[in-house]
Amino acid sequence: MAVVFEKPKGLTDAIMHYCPGCTHGIAHRLVAQALDDLDLTGGAVGVAPVGCAVFAYNYFNCDMIQAAHGRAPAVATGLKRADPERIVFTYQGDGDLAAIGTAETVQSAARGENITIIFINNAIYGMTGGQMAPTTLPGQVTQTSPYGRDVTRTGMPIRVCEMLATLESPAYLARVSVDSVQHIRAAQKAITKAFQYQNEGKGFSLVEVISTCPTNWGVTPQQALEWLRTDMLPYYPLGVFRDLFAEKKEG
Amino acid sequence: MAEKVLMKGNEAIAEAAIAVGCRHYFGYPITPQTEIAAYMAKRMPKIDGCFLQAESEIAAIHMVIGAAAAGKRAMTSSSSPGIALKSEGLSYLAGCDLPAVVVNIQRGGPGLGGIQPSQADYFQCTKGGGHGDYRMVVLAPSGVQEMYDYTAWAFEIADQYRVTSMIFSDGILGQMMEPVELRASRQETPQEGKPWALTGTRGQREPNIINSLFMQPEDLERMNLERFVRYAQIEAGETRWEEYLLEDAKIVVVAYGAAARIAKNAVQAARTQGKRVGLLRPITLWPFPKQPLERLAKRVRAFVCVEMSMGQMREDVELATRCQRPVYLCARTGGMVPAPEEILGKLEDASHGCCV
Ligand SMILES: Cc1ncc(C[n+]2csc(CCOP(=O)(O)OP(=O)(O)O)c2C)c(N)n1
Ligand code: SF4
């Protein structure tokens, strides 16, 4: 019988701890599939963040290290500089990447560090029970913005891809979503391209994955996908914000 | 005999690191240690090594973590305020059992403090620096040759026990020039000697995971206890100190690093006055040379701690001697350095106090 669908070899058999309906699992699969497709799993080293994905080291079937909160890009820099042959990636949430780790994120991008960052934007701090993140939307209720995010006091949410696109060095910056088959397919393409660029030595790549956190948003998985579409995507438009090596389109 | 060249202490550290195969240096500028970064920036590109100026001391230590995880000898250096920032990484290095060398060329504090030499990070560094139950090896050179030799030793200790070793020094020694015999040679443990390194599975082994997270307290306790077995081995095998004129001494000066150089002069001067004074110089601040102090406490009258901090080391001397004898303190702080006369004055107090 022909196999039409199977788990990528880039994922272990460990049972994931993510909540039902959480899109972390989809993002994991896309990363593992990209590594498999490019035949890079055996040479890859992943950096797990502090956040719900902290246990990513149990799920990716490659060498892994767990970094301090926000420091994954610095750890990845050390790994890559020490062993440029390795394919080095980080997998980080929005608190990790866009709050405590802002300096590491921006500076590794500014250096054009030849690493790949998978950035999970779920507009909230998941692991610690749903506090406001730098990406929390205006008016969004969280544990630490119980009356809704008041942007007159906390400012507007950070758009990471747009911010990094002001830098000259990044090779590839894309924002994708995993709320529909169509978007998941596009996300797969973007993540694969990011790893391909790294493999070709083209420099820094980051793929922002708009994701859900049904648990801390306090909604069902279905409602979460709906809210992602109606509320998140208008503020976080999907697309490619930088592609230094894009093939020029004719005419 | 190996080549002898005139070098600054900071340069000697950098040169020794390179000599023993360190090819990955990450740092952030801060006085008075910047010569280390400058030296690395010059040399590393010529020897296929990596010098990277990080965006902060925090980033630099986490880059060290990455390079160490890849199985390579890696180093960072800083001075007091920067070491405070590195403390997060120091704890993670311990929790991940990664070998690394960190240099602290201390300056006066607290806060931004000053840029003059100090030993006031003693508590911070000898007690670990970061959060959690762990130890860090702390080596205190007192001359430029020792800056060189102990750096080579620091890498050996780090690799052998999978710990962080710190070169704990100050602006005097960092900036001072002395002739140095360049006698270290490359002894790096190759990656094969580090089976835990993240070198890629190549599909031929199970993934290596470097991690300090253990959700079950039983597991975390087991990891910590394993670590403390290694710490005990370090205490047994690596504790070092220098003894000077101790045979007949009745008063023992305890001092390390730059303070020990001055203290030695004071001891010599006291000897010419006929006083039975000697010096014990801790070389490893952790592990602290408790045993010789304990032994001395049985036969001497008093101890005098000379330090460029407000008695931080004195607490360890009191502990080691179990307060069996008075422990006097000759301390300067904020970047001030004790003068030999001040030490002689303290020796005078000590001898009156206990009638030598
Ligand atoms: C230095 C430090 N500060 C705070 C924490 C607590 N903490 C753990 S996870 C987390 C937030 C993670 O949120 P995010 O990065 O958005 O990832 P998510 O859990 O949503 O996937 C925080 C603040 C920590 N572990 N370390
Ligand atoms: S808390 Fe949110 S982000 Fe974390 S696993 Fe659950 S749903 Fe996913």
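Cut-offs used in this document
- Residues numbered from 1 in each chain as written.
- Chains lettered and ligands numbered in written order.
- Predicted model: local features only at pLDDT ≥ 70, side-chain atom pairs only at ≥ 80, totals over all residues.
- Heavy atoms only, no water.
- Domains from an automatic or database assignment.
- Contact = heavy atoms within 4.5 Å.
- Buried area = accessible area lost by both parts, 1.4 Å probe.
- Salt bridge = Lys/Arg side-chain N within 4 Å of Asp/Glu carboxyl O.
- Polar contact = N/O pair within 3.5 Å; in protein donor to acceptor, adjacent residues only side chain to side chain.
- Helix = DSSP H or I, 4+ residues; strand = E, 2+ residues; numbered from the N terminus.
- Pairing = 2+ DSSP bridges.
- Axes fitted to C-alpha atoms, helices over the stretch in contact; angles between N-to-C directions.

**Observations regarding the domain arrangement of chain B**
Residues and elements named next belong to chain B.
Right, on to step 1. What the domain assignment lists for chain B is domain 1 (4-194 + 223-238) and domain 2 (241-351).
Right, on to step 2. At the junction of the two partners, domain 1 supplies 33 residues and domain 2 supplies 25 residues.
Right, on to step 3. Summed over both partners, the interface of domain 1 with domain 2 comes to about 2,400 Å²; 56% of that surface belongs to carbon and sulfur atoms.
Right, on to step 4. If you sort the residues of domain 1 by the area they bury against domain 2, Gln 119, Tyr 122 and Phe 123 come out on top, with a joint share of 29%.
Right, on to step 5. Here Glu 178 makes a salt bridge to Arg 261, at a shortest N to O gap of 2.6 Å.
Right, on to step 6. Taken together, the connections running from domain 1 to domain 2 amount to 14 residue pairs in polar contact (both at pLDDT 80 or more).
Right, on to step 7. Contributing elements (two or more residues each) for the side of domain 1 that touches domain 2: helix H5 (122-126), strand S6 (137-139), helix H6 (144-161), strand S7 (164-170), helix H7 (171-175) and helix H8 (217-238).

**A short note on the sheet that holds strand S14 (residues 302-307) of chain B**
Residues and elements named next belong to chain B.
Right, on to step 1. Pairing in this open sheet of five strands is mixed, and the strands run S10-S12-S11-S14-S15 from one edge to the other. Taken across any chain shown, the strands that pair with only one partner, and hence form the sheet edges, are strand S10 (241-244) and strand S15 (327-331). In this sheet, adjacent strand axes meet at a mean angle of 20° when their direction is disregarded.

**Some words on the interface of chain A and chain B**
Right, on to step 1. Residue-level contacts link 34 residues of chain A with 34 residues of chain B.
Right, on to step 2. Interface of chain A and chain B: buried area, both sides summed, is about 2,500 Å²; carbon and sulfur atoms make up 60% of it.
Right, on to step 3. At the surface where chain A touches chain B, the tally comes to three salt bridges.
Right, on to step 4. Counting only elements with at least two residues in the side of chain A that touches chain B, the list comes to strand S1 (44-48), helix H2 (56-59), strand S2 (63-66), helix H3 (72-82) and helix H5 (102-110) of chain A.

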